[in-house]
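Chain by chain, the residues run as shown.
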Amino acid sequence: MANTDITYARVTPEIVKQLEAIVGEPHVVFGDTERMQDYSHDEVTGAEHVHMPEVVVKPNSAAEISEIMKLANRERIPVTPRGAGSGLSGGAVPVLGGILLSIERMNRILEIDRANMMGTVEPGVVTNAINDAVQDDGLFYAGYPMSVEMCFIGGNVAENAGGGRAIKYGVTSRYVMGLEVVLPTGEIVQMGGKRVKDVTGYDLVHLMVGSEGTLGIFTKIILRLMPQPVARAVLLVPFADVASAIGVVSRIMTQGRIIPSSVEFMDRLTVETIYAYVGETPPHPNIGAMLLLEVDAFSPAQAEAEYTAIVNICLEAGALDVFVGDTPAKIKKMWHPRQIAAEAFKVQSEYQSAEDLVVPLAQIPEFVPELERLSREYNVVMPCFGHAGDGNLHVHVMKKPETSVDEWQVLLPHLLEEVYRLAVRLGGTISGEHGIGSKRAQYLPVALDPTLIAVQKRIKQSFDPLNILNPGKIFPT
Ligand SMILES: Cc1cc2nc3c(=O)[nH]c(=O)nc-3n(C[C@H](O)[C@H](O)[C@H](O)COP(=O)(O)OP(=O)(O)OC[C@H]3O[C@@H](n4cnc5c(N)ncnc54)[C@H](O)[C@@H]3O)c2cc1C
């Protein structure tokens, strides 16, 4: 494929002058290593995932981005779009140097169209700010991830972010109705609009969603808003083993006819680690697995009816206990251990790999013991937690203190490949939310047929013939 053969040019002082002319001198960072450091990584750990940009540019409009892309194509300079940098796949990291295009200044909520229940925002809006802006109108944006207070909506669209509520509300793509996009070659196009139905030509809006900053740069996003539930309740349910915990999830939906807004899963190791981290005792001494379930509803009575039914189903299914939180304070307290799970593991070792695998719900009881087997075989710690409702599990692979860094670096790629193959063998895939980026690019063939990879490369080439936009991502090089 021709586009992998491009030789890129360096950013020269002359190019910097042209960039300053486009966005204004204060919005270009060049030759200042300290200020550029922040743009050299996302939330993926490991020095091998850090790459310095040659220049950082902070445009303020689609027109400016269009000029930057035309310049980059003329001069053959790679451009990496960046949101808040909270990504977990290296997507916003400029692996080949070049121009780092930060959309941080494009952070305006342009319109809340209450009559159509749609919002139009710029990509640099912090996702939670959308909810803050619409809550007094009885609306909410339902596609948000758990990093909602730090990530940008543009990054969510690029990663097709999901999260704890995907079981009921789906992921970002369900809410993206329209996009303004600067194509890699610099043209500005409008896709979709305030239309719930649209079958006019290919669905390019949803090709863009999840394209990881490789097919275009979003400059406006039209989002569908939902009526805001008024009541919530949370259940914390310890089980003796994984199979009983997972078995209850489909019973809640089929026997109980209830779709919870969240079903979070934690294995034994996760429960032990997070409760130790927050300095509390786990809610039961014999936990083999634990579920955290949330229901939301349009009245307190409906929420109570739903959580009462779930309590009964869990107890019938052998739950060790059920704890209910139905006030804002209790709900916050009960979510807290799950919300700090990633942090609790992050402090344990600087050598770790945060994975977000997907397996069909019913295969989780087969998946977890296999992970335990692999962790023994490779002598690593491998806790597993995540969004059980949709089969999206976060597996944190962590080095043990007795393993040397050299040994870790040799074993990790082999172990990751085995874990990815396991997920695929069980009908799942290698990433449900965080994306492929640079971190997982070499493993794409584990999950996708060579023909599909070739088709996707041709799509990329038709948008970006010179492979200028975010090269080194998604596809193995
Ligand atoms: C503690 C924590 C919890 C998390 N929880 C979740 C979760 O529950 N669910 C989930 O899905 N993710 C989660 N993430 C990962 C991350 O927050 C998401 O991937 C998020 O969508 C990234 O947004 P961002 O603005 O930080 O994007 P960045 O990391 O800056 O960029 C991500 C990708 O988007 C591209 N991009 C950014 N802006 C644009 C644009 N305007 N146009 C085109 N491409 C663009 C970049 O090039 C890059 O490829 C979590 C991360 C952390 C640290």
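For the structure itself, consult the block above.
So, how was this worked out
Residues numbered from 1 in each chain as written. Predicted model: local features only at pLDDT ≥ 70, side-chain atom pairs only at ≥ 80, totals over all residues. Heavy atoms only, no water. 1 Å grid on protein atoms, 1.4 Å probe; cavity = no way out; pocket = protein on both sides within 12 Å on 5 of 7 lines; lining within 4 Å. Points joined across faces, edges and corners; volume = space filled by probe spheres on them. Helix = DSSP H or I, 4+ residues; strand = E, 2+ residues; numbered from the N terminus. Nonpolar A, V, L, I, M, F, W, Y, C, P; charged D, E, K, R; others polar. Domains from an automatic or database assignment. Phe/Tyr/Trp six-rings, centres within 6.5 Å; stacked < 30°, edge-to-face > 60°. Near = heavy atom within 4 Å. Polar contact = N/O pair within 3.5 Å; in protein donor to acceptor, adjacent residues only side chain to side chain. Areas by Shrake-Rupley, 256 points an atom, 1.4 Å probe, with all protein chains shown as cover. Pairing = 2+ DSSP bridges. Axes fitted to C-alpha atoms, helices over the stretch in contact; angles between N-to-C directions. Contact = heavy atoms within 4.5 Å. Buried < 20%, exposed > 50% of the residue type's maximum accessible area, 1.4 Å probe, protein only.

**Section: the layout of surface pockets**
Next up, step 1: Taken as a whole, the second largest pocket spans an internal volume of roughly 680 Å³.
Next up, step 2: Only α5 (153–159), α15 (444–447) and α16 (450–463) provide two or more residues apiece to the lining of the second largest pocket.
Next up, step 3: Counting residues per element, the lining of the second largest pocket draws most heavily on α16, at 3 residues.
Next up, step 4: Looking at the lining of the second largest pocket residue by residue, the class counts come to 15 nonpolar, 13 polar and 5 charged.
Next up, step 5: Formed jointly, the lining of the second largest pocket draws a minimum of three residues from each of two domains, domain 2 (109–227) and domain 4 (348–434).

**Focus: the packing of aromatic side chains**
Next up, step 1: Per the stated rule, a full pass over the model turns up 4 aromatic pairs.
Next up, step 2: Arranged with centres 5.4 Å apart and planes meeting at 85°, the rings of F140 and Y169 form a pair that is edge-to-face. Of this pair, F140 sits in strand β7 (residues 139–140) while Y169 is found in helix α6 (residues 166–169), placing the two residues 29 residues apart along the sequence.
Next up, step 3: Their ring planes at 80° and their centres at 6.0 Å tell us that Y141 and Y175 sit as a pair that is edge-to-face.

**Brief notes about the site of the ligand**
Next up, step 1: The environment of the ligand is formed by 35 residues, the closest being P81, G83, G85, S86 and S147.
Next up, step 2: Note that a nitrogen atom of the ligand is positioned 2.9 Å from one of the backbone N or O atoms of G162.
Next up, step 3: When the free accessible area of the ligand is taken as 980 Å², the share hidden by the protein chains comes to 93%.
Next up, step 4: In terms of residue count, the dominant contributor to the shell around the ligand is α5 (5 residues).
Next up, step 5: Each residue belonging to the shell around the ligand can be placed in one class, and the counts come to 15 nonpolar, 15 polar and 5 charged.
Next up, step 6: When residues of the shell around the ligand are assigned to domains, at least three map to each of domain 1 (9–105) and domain 2 (109–227).

**Some points on the sheet that holds strand β8 (residues 176–182)**
Next up, step 1: If you trace the 5 strands from one edge of the open sheet to the other, you get β5-β6-β10-β8-β9, paired in antiparallel fashion. The open sheet has two edge strands with one neighbour each: β5 (109–113) and β9 (188–192). Averaged over all neighbouring strand pairs, the angle between strand axes comes to 10°, with direction disregarded.
Next up, step 2: Relative to strand β10 (residues 217–224), strand β6 (residues 118–121) runs antiparallel, the two sharing 4 bridges. Its bridge partner being in β10, V121 is matched across the sheet by I221.
Next up, step 3: Together, β8, β9 and β10 form the strand contacts of helix α3 (residues 62–75), whose direction differs from that of β8 by roughly 50°.
Next up, step 4: The strands touched by helix α4 (residues 127–134) within the sheet are β5, β6 and β10, with β5 carrying the most contacts at an inclination of about 40°.

**Some thoughts on the pairing of strand β12 (residues 231–239)**
Next up, step 1: In terms of residue burial, β12 counts as a mostly covered element, since 8 of its 9 residues are buried.
Next up, step 2: Examined bridge by bridge, β12 and strand β14 (residues 289–297) share 9 bridges and lie antiparallel to one another. Paired with R232 across the two strands is D296, which belongs to β14.

**Some remarks on unusual backbone geometry**
Next up, step 1: Even without a glycine there, the phi angle at E212 is positive, about 55°.
Next up, step 2: When you line up the elements, E212 lands in the loop between α7 (204–208) and β10.
Next up, step 3: On the basis of relative accessibility, which here comes to 8%, the residue E212 falls in the buried class.
Next up, step 4: Here N470, not a glycine, exhibits a phi torsion of approximately 50°, which is positive.
Next up, step 5: Position of N470 among the secondary structure elements: in the segment after α16.
Next up, step 6: Note on N470: relative accessible area 2%, which makes it buried.

**Overview of the environment of N379**
Next up, step 1: Summarising the element assignment, N379 is placed in the loop between α13 (364–378) and β17 (380–381).
Next up, step 2: On the basis of relative accessibility, which here comes to 29%, the residue N379 falls in the partly exposed class.
Next up, step 3: Note: C-alpha distance between N379 and E64 (315 residues apart in sequence) is 51 Å.
Next up, step 4: Excluding its chain neighbours within four sequence positions, the residues that come into contact with N379 are K400, E402 and T403.
Next up, step 5: A polar contact of 2.9 Å, which involves the side chain of N379, links it to the side chain of K400.

**Quick notes on the environment of L393**
Next up, step 1: Mapped onto the fold, L393 is located in strand β19 (residues 392–399).
Next up, step 2: The exposure class of L393 is buried, given its relative accessible area of 0%.
Next up, step 3: C-alpha separation for the pair L393 and L223, spaced 170 residues apart in sequence, amounts to 27 Å.
Next up, step 4: Filtering out sequence-adjacent residues up to four positions away, L393 remains in contact with F265, E355, D356, L357, V359, I364, F367, C384, F385 and G386.

Geometric descriptors of this kind do not, in isolation, establish any biological role.
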